[in-house]
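Below, each chain spelled out in residue letters.
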Amino acid sequence: QYAYPRFGLLPVGEVGKAEIVSALAPLWKNKAETASRLLQRIRTVLNFAAARDYAPGRDAEFWQQVKMALGPNERARKVEHHNSCPYSLVGAVLNEVAGGPSTDIVKLAFEFTVLTAARSGETRGALWSEIDQESRCWNIPEERMKAGRPHNVPLSARALKILAEAKRLHEDGFAHSEMGLIFPNTHGLPLSDMVFTVLLRRLGVEYTMHGFRASFRTWGSEKTQYEHEMLEFALAHTVGNQTVGSYMRTDRLEKRRQLMDDWAAFVAANAEGTLPKIAEKTG
C-alpha cells in the first residue's frame, strides 16, 4: 500500500503525476528504453492498487499528461531494427520452444504472443478480465496499448487452447496471481521483459520477440489476400481515419478472426523446419 518515490515513503494513493515524473525524469532523455519499461511497471503497480482500492484509478489521459510533462524523447522515437524470423520458420521456432527448458507458463506466453501478433508487454500484462469467452476475443484496454487506443484480438482455436492450459496451471497452483495475470511468474507478478529474449538466446537463434510481428505481417502480404488495412489493424497500427478504424473493429470482426485462424494454421503446418543457428552463421 506504499510507494517509494525518490524523496521517501508515500501512500500509494497519493502518488500523482509529480511523483511519477520525478522518478522517470533522470532516465527519460538518455535511457529511453529503461524509462519506458519503468513507466509500464509503475502503471501495472498503480492499476493493481486501484483494483484493490488502495488508490484511485488513472485513465489514459493521466498517462498522456505524464508523457507530456516529461517532454519529447527523440531516442525513444528512433525506429529500431528487429531481427524477424522468416514466416516459414515460425512454426519450427514454436516447436523448439515447446521442447525447451523454459517453464510451461513462459512457453505458453511465448506462443500466445506469436499467434496473436501482440507486443511482448501486452502479453506479459494480460489479465483474465480482458478475455471475453463469449466473443472469443482478447480485449486490451487503451491504457495498455502503445497507441493509447483499445485493441481487440480475435482468438484462434489454438490461442484459446493456450488460455485453457494457462487456466489449468493457475488452478493447479503453478501460476497463481492475485493481480489476475494470465501469464505470471512464480511470484504472481508480470514476467520479466527479458524473459523471451533469454528464451530465444537459449535456442541459439538471432530472432527477436518483436520481430515475430514482422513475420506475421510479411506472411499476410505474401501468402494471403487480406487487405493491407486489415493486416495493419491486426498489429494495432493506425489505419486510415476514424471511420475506417470503426468499420474494421465492428463489421470485419469475423473476417479478422479468419485471419488469425489462418495464421495459426499456417504456423502449425510448418513446424518441422530447421532453424539456422547463430553459431552456424558465424562459423
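Computed from a prediction, not measured in an experiment: that's the story for all the values here. (Residues numbered from 1 in each chain as written. Predicted model: local features only at pLDDT ≥ 70, side-chain atom pairs only at ≥ 80, totals over all residues. Heavy atoms only, no water.)

**Focus: the overall build of the chain**
Applicable threshold: Comment: elements are numbered from the N terminus, with helices defined as DSSP H or I runs of at least four residues and strands as E runs of at least two. Classification of residues uses two cut-offs on accessible area relative to the type maximum, computed with a 1.4 Å probe and protein chains only: under 20% is buried, over 50% is exposed, and between them is partly exposed. The contact criterion used is simple: two residues touch if any of their non-hydrogen atoms lie within 4.5 Å. A 1.4 Å probe and the Shrake-Rupley method give the accessible areas. Residues count as covered only by the protein chains that appear here.
Scanning the chain from terminus to terminus reveals 14 helices and 5 strands. Taking all 283 residues of the chain together, the buried fraction comes to 45%. When contacts within the chain are restricted to residue pairs at least 6 apart in sequence, long-range pairs at least 24 apart make up 64% of them. Summed over all atoms, the accessible surface of the chain reaches about 15,100 Å², with 51% contributed by carbon and sulfur.

**Side note on the packing of aromatic side chains**
Worth spelling out the cut-off: Within 6.5 Å between ring centres, the rings of Phe, Tyr and Trp (the latter by its six-membered ring) count as paired, and their orientation is classed by plane angle as stacked under 30 degrees, edge-to-face over 60, tilted in between. Think of it as a cone above the ring: NZ of Lys or CZ of Arg counts as a charge over the ring if it is within 6 Å of the ring centre and within 35 degrees of the ring normal.
In the structure shown here, the tally under the stated rule is 11 aromatic pairs. Between F62 and W63 the ring centres are 5.0 Å apart and the planes differ by 85 degrees, which places this aromatic pair in the edge-to-face class. With relative accessibility at 12%, the residue F62 sits in the buried group. Given a relative accessible area of 3%, W63 falls into the buried group. Geometrically, the ring pair formed by F112 and W138 is tilted, given 5.1 Å between the ring centres and 55 degrees between the ring planes. Of this pair, F112 sits in helix α6 (residues 104–116) while W138 sits in strand β4 (residues 137–140); the two residues are 26 residues apart in sequence, bridging distant segments of the chain. W138 shares its class with F112; the two are buried. When the ring centre of F62 is taken as origin, the NZ or CZ atom of R58, which lies over that ring, is 5.6 Å away. Cation over ring: K167 sits above W128, and NZ or CZ is 4.0 Å from the ring centre.

**Considerations on the nonpolar core**
The condition that has to hold: We call a set of buried residues a nonpolar core when its members are Ala, Val, Leu, Ile, Met, Phe, Trp, Tyr or Cys and they connect through side-chain atoms within 4.5 Å of each other.
Grouped together as the largest cluster of nonpolar side chains are 60 residues, with contacts concentrated most on V93, F110, F183 and W263. Of all elements in the fold, only α5 (90–98), α6, β4, α8 (157–171), α9 (195–203), α10 (211–223), α11 (228–234) and α13 (253–269) reach the threshold of two or more residues within this core. In terms of residue count, α6 provides more of this core than any other element does, 8 residues in total. For W263, the contacting residues outside a window of four places in its chain are Y87, V90, V114, L115, S215, F216 and W219. One finds L10, A35, I42 and V66 within the second-largest nonpolar core, a separate group that totals 17 residues.

**Quick look at the environment of L275**
Summarising the element assignment, L275 is placed in the loop between α13 and α14 (278–282). Each C-alpha atom, one on L275 and one on E96, is 9.1 Å from the other, the two residues being 179 residues apart in sequence.

**Here we look at the pairing of β4**
As a reminder of what qualifies: Should DSSP find at least two bridges between two strands, the strands are regarded as paired.
Across 2 bridges, strand β3 (residues 131–132) lies against β4 in antiparallel orientation. Within β4, the residue paired with D132 across the bridge is C137. Between the antiparallel neighbours β3 and β4 lie 4 residues, among them R136 with a positive phi of about 55 degrees. Note that β4 and strand β5 (residues 151–154) share 4 bridges and pair antiparallel.

**So, the packing of α5 against α6**
Our working definition: With axes taken as lines fitted to C-alpha atoms, and helix axes fitted only over the stretch in contact, angles between N-to-C directions fall between 0 and 180 degrees. For this classification, under 35 degrees means roughly parallel, over 145 means roughly antiparallel, 65 to 115 means roughly perpendicular, and everything else is oblique. Each helix crossing is assigned a hand: it is left-handed if the near helix lies turned anticlockwise from the far helix by less than a right angle, otherwise right-handed if that turn is clockwise. Each residue gets one label: Ala, Val, Leu, Ile, Met, Phe, Trp, Tyr, Cys and Pro are nonpolar, Asp, Glu, Lys and Arg are charged, and the others, such as Gly, are polar.
One way to put it is that α5 packs onto α6 with a least axis distance of 10 Å and a crossing angle of 170 degrees. Relative to α6, α5 is oriented roughly antiparallel. Note that α5 runs across α6; the crossing there is left-handed. Along the contact surface, α5 presents V90, V93, L94, V97 and A98, while α6 presents K107, F110, E111, V114 and L115. Of the residues belonging to the contact of α5 with α6, the class tally is 8 nonpolar, no polar and 2 charged.

**Remarks on the sheet that holds β3**
Strand order in the open sheet formed by 3 strands is β3-β4-β5, and the pairing between neighbours is antiparallel. Where the open sheet ends on each side, the last strands, each with one partner, are β3 and β5. Taken strand by strand, α13 contacts β4 and β5, and its axis lies near 60 degrees from that of β5.

**Things to note about the confidence of the model for the chain**
Going by this rule: Confidence of the predictor at the level of single residues is captured by pLDDT, which takes values from 0 to 100.
Here the chain averages 84 in pLDDT, while 86% of its residues score no lower than 70. Per-element mean pLDDT across the chain ranges from 47 in strand β1 (residues 2–3) up to 97 in α6. Considering only residues more than four positions removed or in separate chains, one finds that residues 1–7, a stretch of pLDDT under 50, has 19 contacts. Note on residues 75–81: pLDDT is under 50 here. Beyond four places in sequence and across chains, it has 5 contacts.

**A short note on α5**
Owing to its 3.6 residues per turn, the α-helix aligns residues three or four sequence positions apart on the same side. Residues V90, G91, A92, V93, L94 and V97 constitute the buried set of α5. Looking at the packing, one finds that the buried side of α5 touches α6, α9, α10 and α13.

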